[in-house]
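# Structural characterization, general
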Amino acid sequence: MTAKEIRELTAEELQTKLAELRREKLNLKIQSRTGQLEKTARVRDVRRDIARLLTEVAARSAKQ
């Protein structure tokens, strides 16, 4: 997910996307612990996407 795509999302969409990514992060963590995780780089990508979303949320709240 790019910064441009994130900026185009509404506040509601940001929150739902954030919730989805947090759920995915949890699932990846469980898979990692049980040895079922195949794409280990996906964990890093999800963490970075969460950080991007949180940065956008903070930037929007700072503007108001």
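For the structure itself, consult the block above.
Note that the coordinates shown come from a computational prediction; the quantities given were computed from them, not determined experimentally.

This part takes up the nonpolar core. In terms of nonpolar packing, the biggest core is built from nine residues, these being Ile-6, Leu-14, Leu-18, Leu-21, Leu-28, Leu-37, Val-46, Ile-50 and Leu-53. At the level of elements, helix H2 (11–34) and helix H3 (41–63) are the ones that each hand at least two residues to this core. In terms of residue count, the dominant contributor to this core is H2 (four residues). Not counting residues up to four positions away in its chain, the partners in contact with Leu-37 are Leu-28, Gln-31, Ser-32 and Val-43.

What follows concerns H3. For H3, built from 23 residues, the straight-helix expectation of 33 Å at 1.5 Å per residue is met to within 8% by its first-to-last C-alpha distance of 34 Å. When we look at burial in H3, the residues that qualify are Val-46, Asp-49, Ile-50, Leu-53 and Glu-56.

This brings us to the environment of Glu-24. Looking at where Glu-24 falls in the secondary structure, it is placed in helix H2. It is 14 Å that separates the C-alpha atoms of Glu-24 and Gln-36, two residues lying 12 residues apart in sequence. The contact partners of Glu-24, leaving out residues within four places of it in the chain, are Arg-42 and Val-46. Side chain to side chain, Glu-24 and Arg-42 meet in a polar contact 2.8 Å long.

Looking now at the packing of H2 against H3. The contact between H2 and H3 brings their axes to 10 Å, and the two run at 155 degrees. When the interaxial angle is binned, H2 and H3 end up roughly antiparallel. The way H2 lies across H3 gives a crossing that is left-handed. Of the residues in H3, those touching H2 at Ala-11, Leu-14, Gln-15, Lys-17, Leu-18, Leu-21, Arg-22, Glu-24, Lys-25 and Leu-28 are Arg-42, Val-43, Val-46, Arg-47, Asp-49, Ile-50, Leu-53, Leu-54, Glu-56, Val-57 and Arg-60. Within the contact of H2 with H3, the residues separate by chemical class into 11 nonpolar, one polar and nine charged.

Together, Arg-22, Lys-25, Lys-29, Arg-33, Arg-44, Arg-47 and Arg-48 line one region of the surface with positive charge. Of all the secondary-structure elements, those providing two or more residues to the positive patch are H2 and H3. Per-element tally for the positive patch: the top contributor is H2, with four residues. Along the chain, Arg-48 falls in helix H3.

Thresholds, definitions, all that
- Residues numbered from 1 in each chain as written.
- Predicted model: local features only at pLDDT ≥ 70, side-chain atom pairs only at ≥ 80, totals over all residues.
- Heavy atoms only, no water.
- Core = buried A, V, L, I, M, F, W, Y, C linked by side-chain atoms within 4.5 Å.
- Buried < 20%, exposed > 50% of the residue type's maximum accessible area, 1.4 Å probe, protein only.
- Helix = DSSP H or I, 4+ residues; strand = E, 2+ residues; numbered from the N terminus.
- Contact = heavy atoms within 4.5 Å.
- Expected span 1.5 Å × (residues − 1).
- Polar contact = N/O pair within 3.5 Å; in protein donor to acceptor, adjacent residues only side chain to side chain.
- Axes fitted to C-alpha atoms, helices over the stretch in contact; angles between N-to-C directions.
- Parallel < 35°, antiparallel > 145°, perpendicular 65-115°, else oblique.
- Left-handed = near helix turned anticlockwise from the far one by under 90°.
- Nonpolar A, V, L, I, M, F, W, Y, C, P; charged D, E, K, R; others polar.
- Patch = residues over 30% accessible without salt bridge, like charges linked within 9 Å, V, L, I, M, F, W, Y side chains within 5 Å.
- Areas by Shrake-Rupley, 256 points an atom, 1.4 Å probe, with all protein chains shown as cover.
- Salt bridge = Lys/Arg side-chain N within 4 Å of Asp/Glu carboxyl O.
- Lys, Arg positive; Asp, Glu negative; His and termini not counted.
- Charge placed at Lys NZ, Arg CZ, Asp CG, Glu CD.

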